[in-house]
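# Observations on chain architecture
Chain by chain, the residues:
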Amino acid sequence: MSDAILRVNNLQTQFQTRNGVLKAVDGVSFEVGRGRILGLVGESGSGKSVTGYSILGLIEAPGEVAGGEVLLKGQDLTRLKGEAMRRVRGAQIAMVFQDPMMTLNPVLKIGTQMIAAVRAHDKVSRKVAWGRARDALAKVGIPSPEERLDAYPHQLSGGMRQRVAIAIALLHSPAVIIADEPTTALDVSIQGQILAEVRRLADETGTAFVWVTHDLAVVSSLADDICVMYAGRVVETGAAADVIASPRHPYTAGLLASVPAEHEPGERLPQVPGSTPSLADLPPGCAFAPRCFKAGPACTTTPPVQTFADGRSALCHYPIEPVSCQPLSSTSTTYRSAS
Amino acid sequence: MSAALLDIDHVSKRFVKRPSLGERIAGLLGAGRKTEIVRAVSDVSLTVRKGEVVGLVGESGCGKSTLGRIIAGIYAPSDGKVLFGNAPVAKEQGRRTEKLTTQVQMVHQDPFASLNPRMRIGDTVAEGPVTHNIVKARDADAYVADMLGRVGLDPSYRRRFPHQFSGGQRQRIAIARALAMKPDLLVLDEPVASLDVSIQAQVLNLFMDLRQDLDLTAIFISHDLGVVRHVSDRVAIMYLGRIVELAPTAELYAAPNHPYTKALFESVPRVGVGRKDFRPIAGEIPSPLHPPNGCHFHPRCPLAGPRCKREAPALSAIGPGRASACHLNGGGTD
Ligand SMILES: Nc1ncnc2c1ncn2[C@@H]1O[C@H](COP(=O)(O)OP(=O)(O)OP(=O)(O)O)[C@@H](O)[C@H]1O
Ligand SMILES: Nc1ncnc2c1ncn2[C@@H]1O[C@H](COP(=O)(O)OP(=O)(O)O)[C@@H](O)[C@H]1O
Ligand code: SF4
Ligand code: SF4
Ligand SMILES: [Mg+2]
Ligand SMILES: [Mg+2]
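Residues numbered from 1 in each chain as written. Chains lettered and ligands numbered in written order. Predicted model: local features only at pLDDT ≥ 70, side-chain atom pairs only at ≥ 80, totals over all residues. Heavy atoms only, no water.

## Description of the overall build of chain B
Within chain B, the secondary structure is distributed over 10 helices and 14 strands. In summary, chain B has a C-alpha radius of gyration of 21 Å against a globular reference of 20 Å for 334 residues, a match within 12%. Oriented by its inertia axes, the alpha-carbon framework of chain B measures out at about 70 × 50 × 45 Å. Split into buried and exposed, the 334 residues of chain B put 53% on the buried side. Taking all contacts inside chain B whose residues are at least 6 apart in sequence as the whole, residues at least 24 apart take part in 66%. For chain B, the distance from the average position of its 43 positive side-chain charges to the average position of its 33 negative side-chain charges is 4 Å. (Helix = DSSP H or I, 4+ residues; strand = E, 2+ residues; numbered from the N terminus. Rg over C-alpha atoms; globule rule 2.2 N^0.38 Å. Buried < 20%, exposed > 50% of the residue type's maximum accessible area, 1.4 Å probe, protein only. Contact = heavy atoms within 4.5 Å. Lys, Arg positive; Asp, Glu negative; His and termini not counted. Charge placed at Lys NZ, Arg CZ, Asp CG, Glu CD.)

As structure tokens, this is what we get:
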């Protein structure tokens, strides 16, 4: 894809710890196009949040972005410092956190905060800013936005607060929004509402989303593309539907196989053995090798990124052959009501 | 059909909620709030047969954990009673609740908070059985080793502290601690919610193995419909403190009856269903401080009629082993 708005190339982010350097993000690359949603999936500690923070220049000592590029419409954000980065952040690229209170100030009214957020980048009157704040709330599906502008954060439900955080991210029509597990703490019915709104926003406004989550089902219903991380590295990328129907990396395959809903009730679930390794003490070569059913002699050396004809890639010595059968949905039971 | 092991009879639980710090500050600003009553569980009845696994599903705050704690004898119900093998599980002693049985054990929602960080896990697992004379102190070490082995942990781990374990391992320890009490009924509160996907499958497999080996009866609490379908024989769907539907698992998933159950199933994102294929439930989850009148689901229900605002539907039989609380099943919504 050449029309990428955001292109991350070989990103390296490290933390200095007592026991040496921790490579939390180790050569991550991906890209997102206009109006597209990239699902960044991985288990806890795999480096998803650090990737998001690195893109926005939010890594602080003892951490640092030690290498690579973050190209937003061709401009390398890793080279921007201080004030220059602040001008980009919030205007051209914005972040939504798992906890909306990372964005919201508990003692200020929603309206006050949103007006300040508008005026941080655009010198408009308070009245104009208020109008834009109201429109942004309406855009994310908040009923009676005028009233909400007059409320304090604690007067809103968790789902509403997260919508407000998304509305704030949208205020300046950024090219890209990085959303870090924004629905993980929310209930399914509220999560469903937000996912539906985000899909609509991406389609209508052209804003690109990097949607960080550990939930494969969310990625499956929301994302166009998927990027799977394991131990600080990208292990598989591709169109979400393709990856889910036919994963090429053994780790992705293991994750998908262990989802209970894809099995007969009561059946023993295929499980990935072992546990997630600590970054401080990764095995040499492929970090997944001790848990991998396909591991072979080459796996003690760093695997290559193999790219395939359909635009997909996998970081693996022995990637799984593609299956050409039907996608999962036609073989598995669904929870649809009969009516 | 075997006899009921657990009988939950018209149980309700109310909490008195004092205003939080934030609300008190807001109170100073003019939006005053007094002490209020939370109706966490309202008039729930349910019987569980020996050997059965009943899944308890619902969204945050609907009362799953509260009902679980009542079953485990940690809370006494405000109304109604819970009988385990015909004897009450708890009694109220002034302001304290006294648990009356060791045969019901609970595995708590958060495996990080539920283990004492300063105790070796061997001592954590041994504490209950030694106190209740299930095992003699001098045999405790071997007993703990056996329990850890049962949940797939190396017995030598018993000298370690909780922080030395991953989330999945801590959950196994919590299960071992409950099993060490030789319970007849296990209440598992979101046992896999905090675990990574690849670890979830390990713990679910463990649960299914233990169930077979030990002939366990269990209440399995989860908000994850896929997980509950996988492990439960019957499922109770809760909404705002009430059970709105109860059915054998396969029948429920094949043909949900209650509008909330239907909407919930529709709104859940699924692996392999594909993009955009989910229809969210409109509206917010009302606060249990101010539940709507009549049917609690009426403000969000696409089929609600005038009667739904006036009258709460009772959970009533709609077929063999199936019950639902909706006016559409009897008399209509007008
Ligand atoms: N000790 C308590 N004091 C006051 N209110 C309580 C107490 N315990 C629970 N509640 C309230 O009772 C209601 C039900 O809570 P409960 O913890 O049972 O929900 P839940 O279904 O387990 O939710 P979750 O999915 O978030 O775990 C909530 O509104 C909660 O805030
Ligand atoms: N400030 C920090 N100092 C040291 N290590 C950190 C810091 N922030 C994150 N890490 C480490 O970086 C790794 C990736 O973390 P994170 O990106 O938060 O994971 P994820 O979001 O995928 O769960 C983890 O091993 C984490 O412990
Ligand atoms: S490189 Fe080897 S160990 Fe790593 S995922 Fe591929 S097959 Fe498995
Ligand atoms: S009783 Fe009325 S509001 Fe409640 S679920 Fe049935 S139709 Fe909907
Ligand atoms: Mg994270
Ligand atoms: Mg709970």
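## Focus on the domain arrangement of chain A
All names here are of chain A. In terms of domain boundaries, chain A breaks down into domain 1 (4-92 + 175-315) and domain 2 (108-171). Using C-alpha coordinates to define each centre, domain 1 is positioned 29 Å away from domain 2. Of the residues lining the interface, 17 residues belong to domain 1; the matching set on domain 2 comes to 11 residues. Between domain 1 and domain 2, a total of about 1,000 Å² is buried, with carbon and sulfur atoms accounting for 68% of that surface. Per-residue buried area on domain 1 facing domain 2 is highest for Ile177, Ile194 and Leu201; these three make up 37% of the total on that side. For the pair domain 1 and domain 2, the interface holds 0 salt bridges. At the boundary of domain 1 and domain 2, one finds 4 residue pairs in polar contact (both at pLDDT 80 or more). Counting only elements with at least two residues in the side of domain 1 that touches domain 2, the list comes to helix H2 (82-88) and helix H7 (188-205). For the side of domain 1 that touches domain 2, the element with the most residues is H7, which contributes 8 residues. By residue class, the composition of the side of domain 1 that touches domain 2 is 8 nonpolar, 4 polar and 5 charged. (Domains from an automatic or database assignment. Buried area = accessible area lost by both parts, 1.4 Å probe. Salt bridge = Lys/Arg side-chain N within 4 Å of Asp/Glu carboxyl O. Polar contact = N/O pair within 3.5 Å; in protein donor to acceptor, adjacent residues only side chain to side chain. Nonpolar A, V, L, I, M, F, W, Y, C, P; charged D, E, K, R; others polar.)

## Thoughts on the packing of aromatic side chains
Within a pair of aromatic rings, the relevant descriptors are the distance that separates the centres and the angle that separates the planes. Residues and elements named next belong to chain A. A complete count under the given rule lists 12 aromatic pairs over all chains for this structure. Consider the rings of Tyr53 and Phe97, whose centres lie 6.1 Å apart with planes at 35°: the pair is tilted. Here the residue Tyr53 occupies a position in helix H1 (residues 48-55), and Phe97 occupies one in the loop between strand S6 (93-96) and helix H3 (110-121), the gap between them amounting to 44 residues. Residue classification places Phe97 among the buried positions, given a relative accessible area of 13%. Each ring, one from Tyr230 and one from Phe288, has its centre 5.2 Å from the other, and the planes form 80°; the classification is edge-to-face. (Phe/Tyr/Trp six-rings, centres within 6.5 Å; stacked < 30°, edge-to-face > 60°.)

## Examining the site of ligand 4
The environment of ligand 4 is formed by 13 residues, the closest being Cys295, Cys301, Cys308, Cys326 and His327 of chain B. Among the residues making up the shell around ligand 4, the classes are represented as 9 nonpolar, 4 polar and no charged. (Near = heavy atom within 4 Å.)

## Considerations on the coordination of the magnesium ion (ligand 6)
Residues and elements named next belong to chain B. For the magnesium ion (ligand 6), the full set of protein donor atoms is Ser65 (OG) and Gln109 (OE1), and the range of their distances to it is 1.9 to 2.5 Å. Pair noted here: Ser65 is in helix H2 (residues 64-71) and Gln109 is in the loop between strand S8 (104-107) and helix H3 (121-131), with a separation of 44 residues, a long-range link. Among the residues examined, Gln109 registers a relative accessible area of 39% and is labelled partly exposed. (Donors = N, O, S within 2.8 Å, 3.2 Å for Na, K, Ca; no water.)

## Thoughts on the interface of chain A and chain B
If you look at the interface, chain A gives 59 residues, while chain B gives 50 residues. A combined buried area of about 4,600 Å² lies between chain A and chain B, and 54% of that area is made up of carbon and sulfur atoms. Inspection of the chain A/chain B interface yields 2 salt bridges. Notably, a salt bridge pairs Asp209 of chain B with Arg268 of chain A, separated by 3.0 Å at the nearest N-O pair.

## Let's talk about the sheet that holds strand S10 (residues 217-222) of chain B
All names here are of chain B. As summarised here, the arrangement of the 8 strands in space is S8-S9-S10-S3-S11-S12-S14-S13, forming an open sheet in which the pairing is mixed. Lying at the two open borders of the sheet, with one neighbouring strand each, are S8 and strand S13 (316-319). Recorded for the sheet is a direction-independent mean angle of 25° between the axes of neighbouring strands. Bridging between S8 and strand S9 (residues 185-189) involves 4 bridges; their strand directions are parallel. Across the sheet, the residue bridging to Gln105 is Leu186, located in S9. Set on the sheet, helix H6 (residues 197-214) makes contact with strand S3 (53-57), S9 and S10; between it and S10 the angle comes to about 160°. Lying over the sheet, helix H9 (residues 259-267) contacts S3, strand S11 (234-239) and strand S12 (242-248), oriented at roughly 95° with respect to S11. (Pairing = 2+ DSSP bridges. Axes fitted to C-alpha atoms, helices over the stretch in contact; angles between N-to-C directions.)

## A word on the environment of Pro277 of chain A
Residues and elements named next belong to chain A. If you trace the backbone, Pro277 turns up in the loop between helix H10 (250-257) and strand S11 (305-307). Looking at Pro277, the relative accessible area reads 22%, which means it is partly exposed. Residues Pro277 and Pro290, 13 residues apart in the sequence, show an inter-C-alpha distance of 9.3 Å.

## Structural notes on the sheet that holds strand S8 (residues 208-213) of chain A
Residue and element names in this part refer to chain A. Ordered in space as S6-S7-S8-S3-S9-S10-S12-S11, the 8 strands form an open sheet in which the pairing is mixed. If you trace the sheet from one side to the other, it starts and ends with S6 and S11, each paired once. Neighbouring strand axes in the sheet, compared pairwise and without regard to direction, differ in orientation by 15° on average. Where strand S3 (residues 37-41) meets S8, 5 bridges bridge the pair, whose relative direction is parallel. Its bridge partner lying in S8, Val41 is registered against Thr213. Strands S3 and S8 of the sheet are contacted by H7, whose axis makes an angle of about 150° with S8.

## Considerations on the site of ligand 2
Residue and element names in this part refer to chain A. Taken together, Phe15, Leu22, Ala24, Glu43, Ser44, Gly45, Ser46, Gly47, Lys48, Ser49, Val50 and Leu279 make up all the residues around ligand 2. With respect to ligand 2, the backbone of Gly47 contributes an N or O atom lying 3.0 Å from an oxygen atom. Within the backbone of Lys48, one N or O atom sits 2.8 Å away from an oxygen atom of ligand 2. Within the complex, the protein chains bury 64% of what would otherwise be the 560 Å² of accessible surface of ligand 2. Contributions of two or more residues to the shell around ligand 2 are made by strand S2 (20-33) and H1. For the shell around ligand 2, the leading source of residues is H1, giving 3 residues. (Areas by Shrake-Rupley, 256 points an atom, 1.4 Å probe, with all protein chains shown as cover.)

## Quick word on the packing of H3 of chain A against helix H4 (residues 126-139) of chain A
All names here are of chain A. One can describe the packing of H3 onto H4 by two numbers: an axis separation of 8 Å at closest approach and a directional angle of 110°. What the angle tells us is that H3 and H4 run roughly perpendicular. Every pair of crossing elements has a handedness; the one defined by H3 and H4 is right-handed. Contact with H3, carried on its side by Met114, Ile115, Val118 and Arg119, involves Arg126, Ala129, Trp130, Arg132, Ala133, Ala136 and Leu137 of H4 and no other residues of that element. The class makeup of the residues in the contact of H3 with H4 is 8 nonpolar, no polar and 3 charged. (Parallel < 35°, antiparallel > 145°, perpendicular 65-115°, else oblique. Left-handed = near helix turned anticlockwise from the far one by under 90°.)

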